[in-house]
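Listed here are the chains, written in short residue letters.
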There are 2 protein chains.
Amino acid sequence: MQTESLKELMLRQQGQVDAALDVLTPTEESSPATIHKAMRYSLFAGGKRIRPILCLQAALAVSGRAVSGRGEEQPGGLPVPPAMVAACSLEMIHTYSLIHDDLPALDNDDYRRGKLTSHKVFGEAMAILAGDALFTRAIQILTTIQGLDAAGKLQLVEELAFASGTSDGMIGGQVIDIESERKTPTPELLHQIHSAKTGALLRASVRMGAICGGATQEQLDQMSRYGDHVGMAFQIVDDILDVEESSEALGKTAGKDEAQGKITFPAVYGLERSRAMAADQCRMAHEALGIFGGSAQRLHEIADLIVYRKS
Amino acid sequence: MQTESLKELMLRQQGQVDAALDVLTPTEESSPATIHKAMRYSLFAGGKRIRPILCLQAALAVSGRAVSGRGEEQPGGLPVPPAMVAACSLEMIHTYSLIHDDLPALDNDDYRRGKLTSHKVFGEAMAILAGDALFTRAIQILTTIQGLDAAGKLQLVEELAFASGTSDGMIGGQVIDIESERKTPTPELLHQIHSAKTGALLRASVRMGAICGGATQEQLDQMSRYGDHVGMAFQIVDDILDVEESSEALGKTAGKDEAQGKITFPAVYGLERSRAMAADQCRMAHEALGIFGGSAQRLHEIADLIVYRKS
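A brief structural summary. Each chain carries its own residue numbering, running from 1 in the direction its sequence is written. Chain labels run from A onward and ligand labels from 1 onward, assigned in the order the entries are written. This being a predicted model, a pLDDT of at least 70 is required before a residue's local features are given, and a value of 80 or more before pairs of side-chain atoms are given or counted; all residues contribute to the totals for chains, interfaces and linings.

1. Some points on the overall build of chain A
Test applied: Only runs of H or I of at least four residues qualify as helices and only runs of E of at least two qualify as strands under DSSP, and these elements are numbered from the N terminus. Only the C-alpha atoms count toward the radius of gyration. The rule for a globule is 2.2 Å times the residue count to the power 0.38. Here the C-beta atoms are placed from the backbone, and a residue counts as buried if at least 20 other C-beta atoms lie within 10 Å of its own, exposed if 12 or fewer do, and partly exposed otherwise. Residues are defined as contacting one another if the C-beta atoms placed from their backbone atoms lie within 7 Å.
What chain A contains, in helices and strands, is 15 helices and 2 strands. In terms of overall dimensions, chain A is globule-like: its C-alpha atoms have a radius of gyration of 19 Å, near the 19 Å expected for 311 residues. Projected onto the principal axes, the alpha-carbon positions of chain A cover approximately 55 × 50 × 35 Å. Relative to its 311 residues, chain A shows a buried fraction of 55%. Long-range pairs, those at least 24 residues apart, make up 71% of the contacts in chain A between residues at least 6 apart in sequence.

So, in structure tokens, the structure goes:
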């Protein structure tokens, strides 16, 4: 049946996400231009669009229908379908978190994905505000979705805000991560950091897609489980890659986790056991998808891709 | 009829807002503690709660009913009434903007209201994240309001996000303000900055209160007009006070606007004409309240207070 490889599908959906992000972000010409340029610089800095694609695929798994690009079925190509707006809001939140994480006061990274970070290009003030602005924009676009009722839109806002917050959310994970540097690495601390820091937004990605697809509570629960396992696998592999890869291949300063004394899976469990754990998380992710049958095929493939990726 | 002076009313409502903020913000004990401490430090740093009180009074003007404190009518004192949640979300956004504005990369202020700023107490990383977290929390609490339907809650989220954004919103105003330093001060630029930087959130304050009070479109329009004029008056007076007051009385470094080359009303129009403009904005604010009759009495008094305040 499927003639399109996962790689081809992802490239196609990256293009659709990019096109939708372009529609949903103020143009570089609109005032004030600088902040819109800064927002776009980081939004279009070569992200792999993992979260948006997870969101789109979760919507498909639940509804059985693929989410179209920027409303190709509509005259004028608009509006953007609900799951695509949700996908873009996730990428905006992810990008905002990267901009703030890279700041001198936080991780102090000059490069990300081989490109200069926001504050190196636009200065610290504008980078802080660009992060703030992407967060704001992410919420705004959810409130203006067409083709979803107010309750559905509100649920999306709630999911995104929860995943971004301090209690088991992204900011909370970042705080625990910062405070854990130079602390004794324990398994509990490690899981707590990653469940919040990267896990919450990946979980929200599939949950928001599922909501747009009209999920039942059971489907939403299973999708959360999938998101949790994929998120944990993603982070374990990220830590492994940081140890293994050279600076060049990653496009960021590798081995930096260790240099900063960050708690990582290889540091706590060793490389071999970390690899086994990633595979284990991957298996559980597959299991969680059982109820969706064949429409979750791509989510299965994405779980494998995350665990067996090389960068 | 009224035995309570405006000053007494404001003190009482400040207390109610403080109590509601306490309920709606994670405790200092909840993990991760540091970020919750930082959020609370700035939230409870002596703000005058102008935006929350405007919100509560706008709800009263529209509905004819006063908003109670933290749900005194309910057993257990909960839930917090919709307009009070909206009021708290506005204060959280305002506080987040102050924390980020005070950062070394932006205004580089060590003190605000006579207290050390967030980054001086918690460090820059935590201050950036505390701002982010207050923004997130402001959105979260709106989504969980009890006693308002999904469409109403969504409308509040939309108002708050719009007022915070880059296009005619708070962040946009901040960007234009930063970029205007050392530029030729023109009336157009000045109005553009303040309409966005402080005006948008003040306008949202009365609009969100009005929405909670069940406003008609006409009532909402008039409330916006009131908010615009009060916001402009507020900023003109703020600029005048910066010139006039000593560092001690303001609790922040006075004359700083001039030192930083910021565009201000006195710089563009001179002190006397600025004072006349503030009075003019105040008069138009009063006019906008005409349709609300006696229930807008306190909004009238607040407009006067803003223009004739001494700090």
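So much for the structure itself; the text now carries on.
2. Considering the packing of helix α10 (residues 217-244) of chain B against helix α15 (residues 297-308) of chain B
All names here are of chain B. Applicable threshold: Axis angles are defined between N-to-C directions and span 0 to 180 degrees, where every axis is a line fitted to C-alpha atoms and, for a helix, only to the segment in contact. An angle below 35 degrees is treated as roughly parallel, one above 145 as roughly antiparallel, one from 65 to 115 as roughly perpendicular, and anything else as oblique. A crossing counts as left-handed when the near helix is turned anticlockwise from the far one by less than a right angle, and as right-handed when that turn is clockwise. When residues are sorted by character, Ala, Val, Leu, Ile, Met, Phe, Trp, Tyr, Cys and Pro go into the nonpolar class, Asp, Glu, Lys and Arg into the charged class, and all the rest, Gly among them, into the polar class.
For the pair α10 and α15, the least separation of the axes is 8 Å and the interaxial angle reads 20°. Judged by the inter-axis angle, α10 sits roughly parallel to α15. For the element pair α10 and α15, the recorded crossing hand is left-handed. Listed contacts from α15 to Tyr226, Val230, Ala233, Phe234 and Val237 of α10 are Leu299, Ala303, Ile306 and Val307. Class assignment for the residues of the contact of α10 with α15 results in 9 nonpolar, no polar and no charged.

3. Quick notes on the interface of chain B and chain A
On the chain A side, the residues contacting the 41 residues of chain B number 41 residues. Sorting the residues of the side of chain B that touches chain A by element identifies α2 (33-43), α6 (124-143), α7 (150-164) and α8 (170-180) of chain B as the ones contributing at least two each. In terms of residue count, α6(B) provides more of the side of chain B that touches chain A than any other element does, 12 residues in total. Residues that form the side of chain B that touches chain A fall into these classes: 22 nonpolar, 13 polar and 6 charged.

4. A look at the packing of helix α4 (residues 82-102) of chain B against α6(B)
All names here are of chain B. Put simply, α4 and α6 touch, their axes get as near as 8 Å, and they point 165° apart. As the angle between them shows, α4 and α6 are arranged roughly antiparallel. Note on packing geometry: the crossing formed by α4 with α6 is left-handed. Residues Val85, Ala86, Cys88, Ser89, Met92, Ile93, Thr95, Tyr96, Ile99 and His100 of α4 form the contact with α6, whose participating residues are Ala127, Ala130, Gly131, Leu134, Phe135, Arg137, Ala138, Ile141 and Leu142. Across the contact of α4 with α6, the residue classes tally to 14 nonpolar, 4 polar and 1 charged.

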